[in-house]
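# Close look at the chain arrangement
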Amino acid sequence: MSTLTEKIREAAQKVLAEGLAEVVLGYTQGSLPYRNRVTAVNTPEETSRLIWPSFGVLNPANVLHKLKGKKVALISPGCVSRAVVVLCQEGQVKRDEVYLLGVPCPGMLDPSKVRDLGKKILRVEDDFKEKVLVVTSEGEKIVAREELLRQNCLECRHPTPPVYDELLEGEARKPSPSPYQKVEEIEAREVSARWQWFQEAVVSRCIRCYACRNACPLCYCPTCFVDDSRPQWVGKTRDPVDTALYHLVRAYHLAGRCVDCGSCEAACPMDIPLRLLTKKLEKEALSAFSFESGLDPEAPLLLTTFREEDPEDFMITQELKALGKI
Amino acid sequence: MSWEPKIIAFLCNWCSYAGADLAGVSRLRYPPSIRVVRVPCSSRVSPAMILDALKSGADGVLVSGCHPGDCHYLTGNLYARRRFYLLKKLLEFVGLDPERVQFAWVSASEGDVFAKVVTEVTDRIKALGPNTKFRKVLRVEGKS
Ligand code: SF4
Ligand code: SF4
Ligand code: SF4
Ligand code: FES
């Protein structure tokens, strides 16, 4: 049985040779054993550089806009396919300008979890099923894959791409049975403890480098609201209120759009658990509006549609009515 | 003198602003806590505007529009309802006192409802006290 890497190379070669796309966006090995790169491959010969990555933590859909005008094939696990679907829904990409080479995704590893296993990491061998062999300067370790997976892969609801042009053979992870456990842990706290968490885990540590925004395939506004100067929504210093405002509006702008690919968290130099904010909105969209992002390029977006029976008991007038006060 | 909160009220031009007007001409009593910003439709109000009001020193924000079915632009308020729902959930999640941000439907004929809503919102915000969490005060880096 051939490996995912072999299947990807073969499929990429075919795609280029048959002219189904001019460029294949996929992953190659990076400079460290726990780094992989997003790479564009233009010729059938170059496809031998492609791999199925253990650490493909940045979403290749993020560079699609740089390849405008070319037909691009993307190596697409669930979250990449879904990001492209959202870009299609938003008119950023035309469905027939991309070729989705779907991969039933076994999940990816968290570089920081692997990095911590030894002083120097020399080699990582991933069977993409159960075990990872990590060779460090101190010796070898065999670790269960589940322990090294990224948080968003542990919480992933769609490891198999919902939309694709071709689906490679393979076995995907099972959709997570408890995608919102971490969110629920925060929800269960008191208001003041939640504020404390937000301040300590997110706001006070953020250096506002905006790497999270830049890494996100769905943050493509030519002028981000943080760069507006009239009105200036966000001040230029590291004032905690400005930083909090940035995080709230960033997450909010991704409501019903975020596909939980984890690029933002992977890019953050401060290891801030940013996804909790977008995950919370994902959870609300699912429970209140039965909505999930990136499943159907023809469907409307969460906030460009409504239902008559959308919840409104959160509104003060409805509350007062229920109490018989108005 | 007792502390009176400052509440920024974004009122849609076609219903709630007229409702506030009616409360005024009917000489209904309500606390002098609101500062009105007239907006074309409740869907004109973005989360950044609400957060900016708090950041700039407001103790609370009230957004009020037409009842479902009455929006001058037919369905602006129904889009807005979804957005506000999500915003409220997000603010709750990060522990910003959820009562500080309120949403209402008030029609042009509901002067009495408008007065009651403002009274209720003011009472709730009074109970919370001034907004200290999300108010920007100028600081020098390194000093608090
Ligand atoms: S989030 Fe899902 S689809 Fe994306 S890499 Fe992780 S398991 Fe695969
Ligand atoms: S990447 Fe991290 S530190 Fe940089 S702005 Fe985003 S959250 Fe803040
Ligand atoms: S917000 Fe983060 S997890 Fe969501 S789509 Fe953007 S990069 Fe991916
Ligand atoms: S015009 Fe009043 S809510 Fe749209």
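Please read these numbers as outputs of a predicted model, since none were measured by experiment. (Residues numbered from 1 in each chain as written. Chains lettered and ligands numbered in written order. Predicted model: local features only at pLDDT ≥ 70, side-chain atom pairs only at ≥ 80, totals over all residues. Heavy atoms only, no water.)

Attention now goes to the overall build of chain B. Within chain B, the regular secondary structure consists of four helices and four strands. Listing every helix and strand of chain B by position from the N terminus yields β-α-β-α-β-α-β-α. The principal-axis extent of the C-alpha atoms belonging to chain B is close to 50 × 35 × 20 Å. Taking contacts inside chain B between residues at least 6 apart in sequence as the whole, the part at least 24 apart equals 84%. Only carbon and sulfur atoms are counted for the fraction: they give 53% of the accessible area of chain B, which is about 6300 Å². (Helix = DSSP H or I, 4+ residues; strand = E, 2+ residues; numbered from the N terminus. Contact = heavy atoms within 4.5 Å. Areas by Shrake-Rupley, 256 points an atom, 1.4 Å probe, with all protein chains shown as cover.)

Time to look at helix α2 (residues 47-55) of chain B. Turn by turn, an α-helix covers 3.6 residues, leaving residues three or four places apart pointing in a common direction. Burial runs high along α2 of chain B: eight of the nine residues are buried. Looking at α2 of chain B, one finds that the buried residues are P47, A48, M49, I50, L51, A53, L54 and K55 of chain B. Contacts from the buried residues of α2 of chain B go to α9 (240-253) of chain A together with β1 (7-12), β3 (60-65), α3 (76-93) and β4 (101-105) of chain B. Note on α2 of chain B: the residue one or two positions beyond its end, G57 of chain B, has a positive phi of about 120 degrees. (Buried < 20%, exposed > 50% of the residue type's maximum accessible area, 1.4 Å probe, protein only.)

With numbering aligned to this structure, UniProt lists the feature "domain: F420-non-reducing hydrogenase iron-sulfur subunit D" (unreviewed entry) at residues 7-129 of chain B. Helix makes up 45% of residues 7-129 of chain B and strand makes up 19%, while its end C-alpha atoms are separated by 12 Å. (UniProt positions renumbered as here; feature names shortened; annotations may be inferred.)

The subject of this paragraph is the domain arrangement of chain A. All names here are of chain A. Domain annotation of chain A identifies domain 1 (1-106 + 154-177) and domain 2 (180-326). The partner domain 2 presents 28 residues to the 21 residues of domain 1 that form the contact. Surface buried jointly by domain 1 and domain 2 totals about 2100 Å² across both partners, of which 55% is contributed by carbon and sulfur atoms. For the domain 1 face of the interface with domain 2, the top three residues by lost area are R82, Q89 and E155, together amounting to 29%. The tally of links between domain 1 and domain 2 comes to three salt bridges. For E155, the salt bridge goes to R275, with nearest N and O atoms at 2.7 Å. At the boundary of domain 1 and domain 2, one finds 13 residue pairs in polar contact (both at pLDDT 80 or more). Looking at side-chain class alone, the side of domain 1 that touches domain 2 contains 11 nonpolar, five polar and five charged residues. (Domains from an automatic or database assignment. Buried area = accessible area lost by both parts, 1.4 Å probe. Salt bridge = Lys/Arg side-chain N within 4 Å of Asp/Glu carboxyl O. Polar contact = N/O pair within 3.5 Å; in protein donor to acceptor, adjacent residues only side chain to side chain. Nonpolar A, V, L, I, M, F, W, Y, C, P; charged D, E, K, R; others polar.)

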